[in-house]
Each structure stands twice: as structure tokens, then as C-alpha cells.
Amino acid sequence: MKKSIYVHVGPPKTGTSILQSWLSRHIDELSVSSNILYPAHGVDENQVSSGHNQLFLDKEQGKKSTFSHSNFQKLLDKFDVASFDTLLLSSEYFFYQIPEFMKYSEKYEIKFIAYVRPEYEFIESIYNQSVKRNRQNMPMAMRNEIRYTYLDSLIEYITTYGNQYFLLRAYGVKNFFEKNIISDFLSIFKLDYLVIENDIIPIINSSYSFDCLEFKRWTNNFLLDGLDNILDKKLQAYTKGNENYTLIPHQTYIDYKAGSKRKITAINDMCPIINYNSLIAYIDKTKRSVYMHQELYDEHLIKVVNFLTEEDFKFTKKLFLLISSQDSLTEQDKHKLSIFKKELSHAQNRNPFRSFLSKLLR
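All values reported here derive from a predicted model rather than from experimental measurement. (Residues numbered from 1 in each chain as written. Predicted model: local features only at pLDDT ≥ 70, side-chain atom pairs only at ≥ 80, totals over all residues. Heavy atoms only, no water.)

Q: Tell me about the packing of aromatic side chains, and please be specific about residues and values.
A: Inspection of every chain in the model, using the stated rule, returns 30 aromatic pairs. Pairing Tyr115 with Tyr171 gives two aromatic rings, centres 6.3 Å apart and planes at 80°, and the pair type is edge-to-face. Of this pair, Tyr115 sits in strand 6 (residues 109-116) while Tyr171 sits in the loop between strand 7 (166-170) and helix 8 (181-186), and the two are 56 residues apart along the sequence. Each member of the pair, Tyr115 together with Tyr171, is buried. Between Tyr238 and Phe307, the aromatic rings sit 5.1 Å apart at their centres with planes inclined by 85°, giving edge-to-face as the arrangement. Highlighted residues: Tyr238 in the loop between helix 10 (227-236) and strand 8 (245-246) and Phe307 in helix 13 (residues 298-311), separated in sequence by 69 residues. Given a relative accessible area of 2%, Tyr238 falls into the buried group. Linked through ring pairs, Phe56, Phe67, Phe72, Phe94, Phe101, Tyr104, Phe112 and Phe166 together constitute an aromatic cluster. One cation-aromatic arrangement involves Lys234 over Phe315; the distance from NZ or CZ to the ring centre is 5.4 Å. (Phe/Tyr/Trp six-rings, centres within 6.5 Å; stacked < 30°, edge-to-face > 60°. Helix = DSSP H or I, 4+ residues; strand = E, 2+ residues; numbered from the N terminus. Buried < 20%, exposed > 50% of the residue type's maximum accessible area, 1.4 Å probe, protein only. Lys NZ or Arg CZ within 6 Å of the ring centre and 35° of its normal.)

Q: Please set out the side chain of Lys234 residue by residue, giving values where relevant.
A: Along the chain, Lys234 turns up in helix 10. If we skip the residues at most four places from it in the chain, Lys234 touches Phe307, Leu308, Asp312 and Phe315. (Contact = heavy atoms within 4.5 Å.)

Q: Let's hear about helix 9 (residues 210-219): which residues, and what values?
A: Within helix 9, 10 of the 10 residues are buried, which leaves the element mostly enclosed by the surrounding structure. Those residues of helix 9 that fall on the buried side of the exposure criterion are Phe210, Asp211, Cys212, Leu213, Glu214, Phe215, Lys216, Arg217, Trp218 and Thr219. At its buried positions, helix 9 is contacted by helix 6 (119-133), helix 10, strand 8, helix 13, helix 14 (313-324) and helix 15 (331-350).

In C-alpha cells, the structure reads:
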């Protein structure tokens, strides 16, 4: 009898970090309850992880990840001689490695677990992520219809390999799941009872509020000498701004929703999506959030700088000095920096110790 390999491929922005955080903390329970091997992997201080990609994906700077079959075989050799019936792997990076995993389908029963999220939500979430982590400094591009996304790749994979290899599940935000995404995921293995009622399901790798999105997009224009990651972590803790917003104009939003429904229905016709009807109803009833034109407004700049000075005055002043020292500052940059400086001064005056600290930083 073949052993089973379940590969959770995400894709991005479908709760992958939450799942990996929970799974990595419950490796023993998975082993005892259902004879599942979930290899250990690290998570950072924010409980964010890239999952198992480092076990057998090689990445050279500036190039795409490549699948290391020799390293994967080492993992399989251990799996083969162990008592486990199932190997469970998880990484968003595995989505585009499905063809490599399929090379092992004769020896193992392989299943790919993927969540299906409406594209209009997905592209906003991915854009937010690009501002947070990839130094995106341009506004979100708008088109008449959504271009090629992971849903198109999913259609190609199912067409090429057959639907028997894919376990597709619907994904929505807020109260979409009956309980939570962890229970939904574990139900694949009939292990949802492992999530007890008082389990805290943390919000991991959360999106920015509009204020922080535009502040970070502005700072992405400058070389910050390693301050980017620190700034990202601080901005994720900001809760005073507008979190219920969209960057997509009205008619574009309508067109994107219609396109998402068509593509999701096409996928469901090829390979049934668990909770498909709930996903379609979710799309129909979801109302467009408040539209925000992308610009770092003065009032938002003031709020974010005030927050940062309260959190870490020394860091905030360092950030200001670093940006101020950049070459080729535009008139808009200089205007923003004048506001930045004024708020730093106000914060300094509110705390005498900061005045002393400021002199040390000069």
C-alpha cells in the first residue's frame, strides 16, 4: 500500500501563516492522533514562516526557487522507513513546484491542498504584501479585467494532471469559516477536534491600514539601511487607521467580482471546491469597502508619525534623519518631511527625556 503525501500549496494570502504556526506547534498531536509526519520548521517573532520550502527548495539571489530532488529524496528516505502513513508539507512556494512533486506520484499517493480565494480580494492583499515586504512604491494598477493569477495556473494544473490530485477548499475573510481556517484544514484528516474552543487563533501577517500602506509606500522610495523590516513590524501594530478600505474603483470592482465568479465556477466544474456554494454567496453578499485614492494625506502622515514616536521615538527620529539625508528629494517629499519634523518636535516637547535623547542623536 502506498504512503500518502499531502502538499499544502497555499497559495499566498489564504491563511497559510496561521496554519503553519498552528501545525508547527502541534507536531506531536498530529503524529499521535493520525500518524502524520509534519517536519519541523521555524517561525519568526511574528509567527510568520515560509514553511518547508527550505528543506528542498534552493534559491539563488535574483533567481526563482529550484526543486532539489536530492534533498527531497533524503526526506522521503526517512519517511519510508518511519512508521508514519502520511507526510504533510506546507509552503506557498510549493504552488509552482507541483510539476516536480508529480514526478513522485507513481510511488506515493499525492494530494495538493489549495484554498480558492476570490481574485479581487487576492490581488489587493498581494499588493498590500508587496508594499510591506517588496518595496513597492507605485500605486496599484487597474485594468479592465484581472490578468493571469494563480487561479489560471490551478486550471492548467488540473487540466494537465487530473482532478484526483487536488483537494480544493473555499476561502473568505472575517466570519467565512464555520469555526476557523485551522478547523477547516484539519477536517481533511478528520482532526478538527484537535482545535479546542479556547484555542487562540492569532492574526498573523496582517494587512496594513490605509494610513500605514501609504506611509510605507512613501518610505519605499528611500534607502533605509535595514530599517524596512523594523518599520513593517511597527506598522502592523497600528490599529487607529482605516482598515476597511479598497483601492479598486466602483466599476472595476464590479467587473473584478464578476470575473472572479466565472473563474471559480470554471474551476469547480473541473474539480469540486469544498464549500463552493458558500463562496459564491460570500462574493454576492460582500459589499465594497470604502474607496480610498492612493496618496499619503497629511492627516494620515501625522497619525502614523505620532504612533511611531509613542512606540519608539529613537527609531522614528532615526528614520526621519535617514530619509532627510537622501538625494533627489521631491517638493512633495520635502513637504512630508516638514510635517514629519514638526510631529517629532511635538513628541519631544511632550517628554523632557526625549529632548535630552534628541541631543544625543544629533
